[in-house]
Amino acid sequence: MVNRPDRKAARQKRHKRVRSKVVGTQARPRLSVFRSLSNIYAQVIDDTTGKTLASASSVEKGFEGNGGNKEAAKKVGQTVAQRAVKAGITEVVFDRGGNIYHGRVKELAEGAREGGLKF
């Protein structure tokens with residue numbers, strides 16, 4: 001029998017380690033990314049109050065196209081950046097959610113930068 005490592009548990013362990021260091025404040029909220037197999041979600045969170053200031057995802061009503069590819073991730077990044085800038089937020093700290101900074105997570109980050117967020 002082959003014992004493969006539990007990828008989900010490893011991601012959760014990395015996420016816990018990252019979250020111990022990355023904290024969103026009023027001045028610089030946290031841009032949190034969650035990536036599922038078929039969709040991607042992003043939130044701008046103020047951890048001091050525990051409030052979500054802006055959010056976007058590929059499952060929203062007006063979203064067009066496949067939610068599980070790089071183009072969708074870039075659109076979600078641009079959308080969350082526009083909503084955050086509209087709420088008066090320009091600087092954030094990036095929380096990749098324990099995922100590798102590659103592929104869809106990287107595209108979301110680049111889309112957010114293009115949308116006007118700095119991190």
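Look above for the structure.
None of these values were measured; they are calculated from a predicted model.

Section: helix H3 (residues 104-114)
Restricting attention to buried positions, one finds in H3 the residues Arg104, Val105, Glu107, Leu108, Ala109, Gly111 and Ala112. In this structure, the buried side of H3 is in contact with strand E1 (30-35), strand E2 (40-46), helix H2 (70-86) and strand E4 (93-95). Downstream of H3 by a residue or two, glycine 116 has a phi angle that is positive, lying close to 120°.

Quick word on the pairing of E1
Inspection of the sheet shows E1 paired to E2 by 6 bridges, in the antiparallel sense. Residue leucine 31 lies in a different strand from E2, and its bridge partner there is valine 44.

Quick look at the side chain of arginine 104
Along the polypeptide, arginine 104 turns up in helix H3. No salt bridge forms around the buried arginine 104; measuring N to O, its nearest opposite-charge neighbour glutamate 71 is 9.7 Å away. Excluding residues that lie within four positions of it along the chain, arginine 104 makes contacts with Arg35, Ser36, Leu37, Asn39, Ile40, Gly67, Gly68, Asn69, Lys70 and Ala73.

What about the nonpolar core?
By size, the foremost hydrophobic cluster in this structure holds 22 residues, and its most contacted members are Leu31, Val44, Val76, Phe94, Leu108 and Leu117. Of all the elements in the fold, those that place two or more residues in this core are E1, E2, strand E3 (51-57), H2 and H3. With 6 residues, the top contributor of residues to this core is H2.

Description of the environment of lysine 74
Checked against the element boundaries, lysine 74 lands in helix H2. Taking the relative accessible area as the measure of exposure, lysine 74 reaches 24% and is therefore partly exposed. Each C-alpha atom, one on lysine 74 and one on arginine 104, is 7.7 Å from the other, the two residues being 30 residues apart in sequence. If we ignore the near neighbours within four places in the chain, the residues touching lysine 74 are Glu107, Leu108, Glu110, Gly111 and Glu114.

Each value, and the rule that gives it
Residues numbered from 1 in each chain as written. Predicted model: local features only at pLDDT ≥ 70, side-chain atom pairs only at ≥ 80, totals over all residues. Heavy atoms only, no water. Buried < 20%, exposed > 50% of the residue type's maximum accessible area, 1.4 Å probe, protein only. Helix = DSSP H or I, 4+ residues; strand = E, 2+ residues; numbered from the N terminus. Contact = heavy atoms within 4.5 Å. Pairing = 2+ DSSP bridges. Lys, Arg positive; Asp, Glu negative; His and termini not counted. Salt bridge = Lys/Arg side-chain N within 4 Å of Asp/Glu carboxyl O. Core = buried A, V, L, I, M, F, W, Y, C linked by side-chain atoms within 4.5 Å.

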